[in-house]
Amino acid sequence: MKKILINFFVVFLIIIAFMIPYCMRTLNRATVLDENAIAKWSQVENNYERRYDLIPNLVATVKGYASHEEKVLIDVTEKRTSIGQIKLSADDLNNPEKMEAFRKAQSELSGTLSRLMAVAENYPDLKANENFLSLQSQLEGTENRIAVARKDYIEAVREYNQFLGMIPQKWILSMFGDFEKKSEYKIDEAKKSVPEVKFD
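These numbers come from a predicted model, not from an experiment.

### Some words on the nonpolar core
Part 1 of the argument: Membership of the largest hydrophobic core comes to 23 residues, with the highest contact counts inside it found for Leu 58, Val 62, Leu 113, Leu 116 and Phe 132.
Part 2 of the argument: For this core, the secondary-structure elements that each account for two or more residues are helix H1 (2-65), helix H2 (70-84), helix H3 (96-120) and helix H5 (130-165).
Part 3 of the argument: Broken down by element, the residue count for this core peaks at seven residues, all from H3.
Part 4 of the argument: When residues no more than four places from it in sequence are discounted, the contact partners of Leu 58 are Leu 113, Leu 116, Met 117, Phe 132, Leu 135 and Leu 139.
Part 5 of the argument: Judged by nonpolar contacts, the second largest core, of 14 residues, contains Val 44, Leu 88, Leu 93 and Phe 102.

Shown next as structure tokens:
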């Protein structure tokens, strides 16, 4: 009986000796993936902030040429203001409702900016304005960076969520870590393309 207990204890120690490093690697990997997703989200926010900062100059430039297009100019300004009131923390990346509210507000602003660019099409002098051309180019580049940053974030969240859902990581993380799946950033089917801001 004593020999059986000793053998059991030895086997138990061997299992523990192998499990501790595996558990540590699992916790470290989950932490790295979590931080990566948060960093990718920061890039999404940085690019949205860049677009947010471009809007007043764009509106002011268009207003100088198309002041009677007041409704579109007001819409852009109002959408920008409403987006400025939505702030997401790293914890909010796990909240589908907050992520959806943020996504919806950004999508509405994209639509309004597209209408503003369509209005500019009717003003040849505006289309030739150097300041407008510069803003147009900056906005187009920013929209492209937003699309890339969103794609990178979506991929980082997919990798993180997939890791959390795999066994045995799922069990280990539920015992030792405080990791939750992150909300995906869904893109409207109608808004998957970058707003058209080129003029020919």
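After that view of the structure, there is still more to cover.
### A short note on the packing of H1 against H2
Part 1 of the argument: Two numbers describe how H1 lies on H2: the axes approach to 10 Å, and their chain directions differ by 165 degrees. Relative to H2, H1 is oriented roughly antiparallel. Both H1 and H2 take part in a crossing whose hand is left-handed. Across the interface between the two elements, Tyr 52, Asp 53, Ile 55, Pro 56, Val 59, Val 62 and Lys 63 from H1 touch Leu 73, Val 76, Thr 77, Arg 80, Ile 83 and Gly 84 from H2.

### Side note on H5
Part 1 of the argument: For H5, built from 36 residues, the straight-helix expectation of 52 Å at 1.5 Å per residue is met to within 8% by its first-to-last C-alpha distance of 52 Å.
Part 2 of the argument: Between the side-chain oxygen of the N-cap and the backbone nitrogen of Asn 131 there are 2.8 Å, and the N-cap of H5 in question is Asn 129.

### Some details on the packing of H2 against H3
Part 1 of the argument: It is the contact of H2 with H3, at a shortest axis distance of 9 Å, that shows an interaxial angle of 155 degrees. Taken together, the axes of H2 and H3 are roughly antiparallel relative to one another. Here the hand of the crossing between H2 and H3 comes out left-handed. Facing H2, whose interface residues are Val 72, Leu 73, Asp 75, Val 76, Lys 79, Arg 80 and Ile 83, H3 presents Ala 105, Gln 106, Glu 108, Leu 109, Thr 112, Leu 113, Arg 115, Leu 116 and Val 119.
Part 2 of the argument: Among the residues making up the contact of H2 with H3, the classes are represented as nine nonpolar, two polar and five charged.

### Considerations on the packing of aromatic side chains
Part 1 of the argument: On inspection of all chains with the given rule, the structure shows three aromatic pairs.
Part 2 of the argument: Both rings, one in Trp 41 and one in Phe 102, keep their centres 5.3 Å apart while their planes meet at 65 degrees; by these two values the pair is edge-to-face. A residue pair is termed long-range when its members are at least 10 positions apart, and Trp 41 in helix H1 and Phe 102 in helix H3 qualify at 61 residues.
Part 3 of the argument: Classification of Phe 102 by relative accessible area gives buried; the value is 5%.
Part 4 of the argument: Put simply, the rings of Trp 41, Tyr 48, Phe 102 and Tyr 153 touch in pairs and so form one group of aromatic residues.
Part 5 of the argument: Taking the ring centre of Tyr 52 as reference, the NZ or CZ of Arg 80 above it sits at 3.8 Å.
Part 6 of the argument: Note that Lys 182 overlies the ring of Tyr 160, its terminal NZ or CZ placed 5.1 Å from the centroid.

Criteria and cut-off values
- Residues numbered from 1 in each chain as written.
- Predicted model: local features only at pLDDT ≥ 70, side-chain atom pairs only at ≥ 80, totals over all residues.
- Heavy atoms only, no water.
- Core = buried A, V, L, I, M, F, W, Y, C linked by side-chain atoms within 4.5 Å.
- Buried < 20%, exposed > 50% of the residue type's maximum accessible area, 1.4 Å probe, protein only.
- Helix = DSSP H or I, 4+ residues; strand = E, 2+ residues; numbered from the N terminus.
- Contact = heavy atoms within 4.5 Å.
- Axes fitted to C-alpha atoms, helices over the stretch in contact; angles between N-to-C directions.
- Parallel < 35°, antiparallel > 145°, perpendicular 65-115°, else oblique.
- Left-handed = near helix turned anticlockwise from the far one by under 90°.
- Expected span 1.5 Å × (residues − 1).
- Polar contact = N/O pair within 3.5 Å; in protein donor to acceptor, adjacent residues only side chain to side chain.
- Nonpolar A, V, L, I, M, F, W, Y, C, P; charged D, E, K, R; others polar.
- Phe/Tyr/Trp six-rings, centres within 6.5 Å; stacked < 30°, edge-to-face > 60°.
- Lys NZ or Arg CZ within 6 Å of the ring centre and 35° of its normal.

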